[in-house]
Amino acid sequence: MRPGVLTVGAVRAAALLLGLTALGATLRNGLDQPGNALAFGVLVALGELARWGAAPGEREPAPLAAAGALAYALLGESAGSGTTHGVLQTVAVVTAAGLAGIVPHLARGRGPGPDHLARRVLTVGFAALCFQPLYNSGAVVRHLGEGPPYVLFLGLPLVLTALCDAVLAALLLRARTGFPYGSLLRDELRALLGIGSAVCATGAVMALGVAAAGLWALPVLAVPLLLTQVSYRRYEAVRTVNRQTIASLARATEVAGCTPPGHAHRVAALSAAVGRELGLSGAELTVLEHAALMHDIGQLSLVDPVEGGATALLPAEEQRRIALLGGEVVRRTGVPPAVAVIVERQADPYREQPLPARIIRTVNAYDDLTGAGADAGRGTGVGGGPGAALDALERLRLGTARDHHPDVVEGLARVLARGGAVGMTPVVPG
């Protein structure tokens, strides 16, 4: 069995065991302070219902539910009276409310995956474990009081819980994709500065607000996070439209007959996978993907189009001329300047290129060698199929002396061995 499958299974099993233990203990012992449990349970359930409109793969599609769960885990008092719900009841309430809130989504086939549920159970349990025993023992109030030192102390379990969630998310992605753990973890940590920081701050403010004013503080404090969620969704919608615009520009070379159908999107998807394999993350991957989509747009400026669009089979001087023309076109489209720089440098000697340009150069050559452009350009192309992919990799390896960086070629080979981009057949390097 693959190590990734074992990792995913272990995380899910740990979450299932914790959830069942918490539910069993709560059913056996009964609910402490059922009013608090009901209020926070309703908040978590409503937060899960509010995930309507979340984009696929969104890091935190239910921020209100996450904030409510954190607030219940960090709740020490309610309207001046001490709380006694403890760690297991916290997990039980959050688990039950979360399951109740996702039922409508599951009925429509859009519910969260098991990994998301496992992370929610484990991180809430971790937060409660960091806070509840210390607070209920009286050590926190005895040493820090209830002023600013207590507020600062409340930030400690929040930071630890956020780090725990980032580590778990990166671990699960690593298990599923095989990409380097470091770049995945950096992406998750960067995400904490966005919606993640709003979730943590709202969770802490909710816990402090309920401690001072009671449960009436919950609906008031939930409104800012809901507004933040709406703003975040609009921002993501703008980014989606921007990417669709770039993808439409990339299709112009196909419509004009300069490149084979799907070439730009294949190069973009495979380049992103290779970039992730080589440690790129976040904004670097976005720039790489956009540049890969538009890497052939310079062919629109040619009087005589390249037969089959296979620029990798042209002389180096001609490749460089097309790349410079492409950079000029890209600069006029309004995309970030970094995209244009990568497009115009993809044909430079690889020792002088930035890593994204090296990746696009190699992946573009691979697609030219395995696609229709190879047959059109040379008449003896590699063609399609696993054998073609192996032959193409061999030719790229032979070109590492002057045309392709060895690390990029080997990164491409590893990605292809795992299945490459979505929908590709794994290629076992020879």
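It should be emphasised that the depicted structure is a prediction, and the values quoted were computed from it without experimental measurement. (Residues numbered from 1 in each chain as written. Predicted model: local features only at pLDDT ≥ 70, side-chain atom pairs only at ≥ 80, totals over all residues. Heavy atoms only, no water.)

Moving on, we get to the overall build of the protein. When you go through the protein residue by residue, the secondary structure sums to 18 helices and 2 strands. Long-range pairs, those at least 24 residues apart, make up 70% of the contacts in the protein with a sequence separation of at least 6. Counting every atom, the protein has about 19,600 Å² of accessible surface; 65% of that belongs to carbon and sulfur. (Helix = DSSP H or I, 4+ residues; strand = E, 2+ residues; numbered from the N terminus. Contact = heavy atoms within 4.5 Å. Areas by Shrake-Rupley, 256 points an atom, 1.4 Å probe, with all protein chains shown as cover.)

Within the secondary structure, A96 sits in helix α4 (residues 86-107). Taking C-alpha positions, A96 is 8.1 Å from L23, a pair spaced 73 residues apart along the chain.

Let us now look at the confidence of the model for the protein. A low pLDDT score tells you not to read the predicted coordinates there in detail. Overall, the predicted model of the protein reaches an average pLDDT of 83, with 88% of residues at or above 70. Within the model, the stretch residues 372-383 combines pLDDT values under 50 with 30 contacts to residues more than four positions away or in other chains. (pLDDT = per-residue confidence, 0-100.)

Next up on the list: the pattern of salt bridges. Taken as a whole and assessed by the stated rule, the structure comprises 15 salt bridges. Between R414 and E277 there is a salt bridge, and its shortest N-O distance comes to 2.7 Å. Highlighted residues: R414 in helix α18 (residues 406-417) and E277 in helix α11 (residues 263-277), separated in sequence by 137 residues. For R414, a relative accessible area of 38% gives the class partly exposed. Taking the shortest distance from any N to any O, the salt bridge between R402 and D403 comes out at 3.6 Å. Residue R402 is classed as exposed on the basis of its relative accessible area of 60%. Residues joined in a network through salt bridges with shared partners are R12, D115 and R176. (Salt bridge = Lys/Arg side-chain N within 4 Å of Asp/Glu carboxyl O. Buried < 20%, exposed > 50% of the residue type's maximum accessible area, 1.4 Å probe, protein only.)

Quick look at helix α13 (residues 316-331) now. If you check α13, its first and last C-alpha atoms are 23 Å apart, about what 16 residues at 1.5 Å a residue would give, namely 22 Å. Here α13 has its buried residues at Q319, I322, A323, G326, G327 and V330. Along the long axis of α13, the arc covered by the buried residues comes to 145°, so they all point the same way. Packed against the buried residues of α13 are α14 (337-345). (Expected span 1.5 Å × (residues − 1). Arc of directions from axis to C-beta.)

Moving on, we come to helix α3 (residues 63-73). Buried residues dominate α3, accounting for 11 of its 11 residues. Taken together, the buried positions of α3 are occupied by P63, L64, A65, A66, A67, G68, A69, L70, A71, Y72 and A73. Tucked into the core, α3 has its buried residues touching α2 (34-49), α4, α5 (114-136), α7 (148-177), α8 (181-213) and α9 (217-250).

Right, let's get into the side chain of D115. Of note, D115 is situated in helix α5. Judged by its relative accessible area of 15%, D115 falls in the buried class. The contact partners of D115, leaving out residues within four places of it in the chain, are V8, R12, L172 and R176.

On to the nonpolar core, then. By size, the foremost hydrophobic cluster in this structure holds 44 residues, and its most contacted members are V330, Y366 and L412. For this core, the element with the highest residue contribution is helix α15 (residues 355-370), accounting for 7 residues. When sequence neighbours within four positions are dropped, the list of residues in contact with V330 reads M294, I297, V335, V339, A340 and V343. Grouped together as the second largest cluster of nonpolar side chains are 34 residues, L70, Y72, A127 and L154 included. (Core = buried A, V, L, I, M, F, W, Y, C linked by side-chain atoms within 4.5 Å.)

The UniProt record annotates "transmembrane region" (unreviewed entry) at residues 86-105, 117-135, 150-173 and 193-218. Between the C-alpha atoms that bound residues 117-135 there is a distance of 27 Å. The span itself is 100% helix and 0% strand. (UniProt positions renumbered as here; feature names shortened; annotations may be inferred.)

On to the packing of α11 against α18. Across the interface, α11 lies against α18 with an axial gap of 9 Å and an inter-helix angle of 110°. As summarised for this structure, α11 and α18 are arranged roughly perpendicular, according to the angle between their axes. Between α11 and α18, the residues in contact are L270, A273, V274 and E277 and V408, G411, L412, R414, V415 and L416, respectively. Broken down by class, the residue content of the contact of α11 with α18 amounts to 7 nonpolar, 1 polar and 2 charged. (Axes fitted to C-alpha atoms, helices over the stretch in contact; angles between N-to-C directions. Parallel < 35°, antiparallel > 145°, perpendicular 65-115°, else oblique. Nonpolar A, V, L, I, M, F, W, Y, C, P; charged D, E, K, R; others polar.)

On the surface, L156, V159, L160, L163 and L189 cluster together into a nonpolar patch covering about 390 Å² of accessible area. Its location among the elements puts V159 in helix α7. (Patch = residues over 30% accessible without salt bridge, like charges linked within 9 Å, V, L, I, M, F, W, Y side chains within 5 Å.)

Here we take up the environment of G411. When you line up the elements, G411 lands in helix α18. In contact with G411, not counting residues within four places along its chain, are V274, E277 and L278.

Across the interface, α3 lies against α4 with an axial gap of 10 Å and an inter-helix angle of 160°. It follows from the interaxial angle that α3 and α4 lie roughly antiparallel. α4 is crossed by α3, and the crossing has right-handed handedness. Taken together, the residues of α4 that come into contact with α3 (itself represented by A69, Y72 and A73) are Q89, T90, V93 and V94. Among the residues making up the contact of α3 with α4, the classes are represented as 5 nonpolar, 2 polar and no charged. (Left-handed = near helix turned anticlockwise from the far one by under 90°.)

To continue, consider the packing of aromatic side chains. For the coordinates displayed, the defined rule picks out 4 aromatic pairs. Relative to F153, the ring of F131 lies with its centre 6.3 Å away and its plane at 35°, an arrangement referred to as tilted. With F131 in helix α5 and F153 in helix α7, this pair connects stretches of sequence that are 22 residues apart. Note on accessibility: F131 and F153 belong to one class, buried. Clustering of aromatic rings is evident, with ring pairs tying together F131, Y135, Y150 and F153. (Phe/Tyr/Trp six-rings, centres within 6.5 Å; stacked < 30°, edge-to-face > 60°.)

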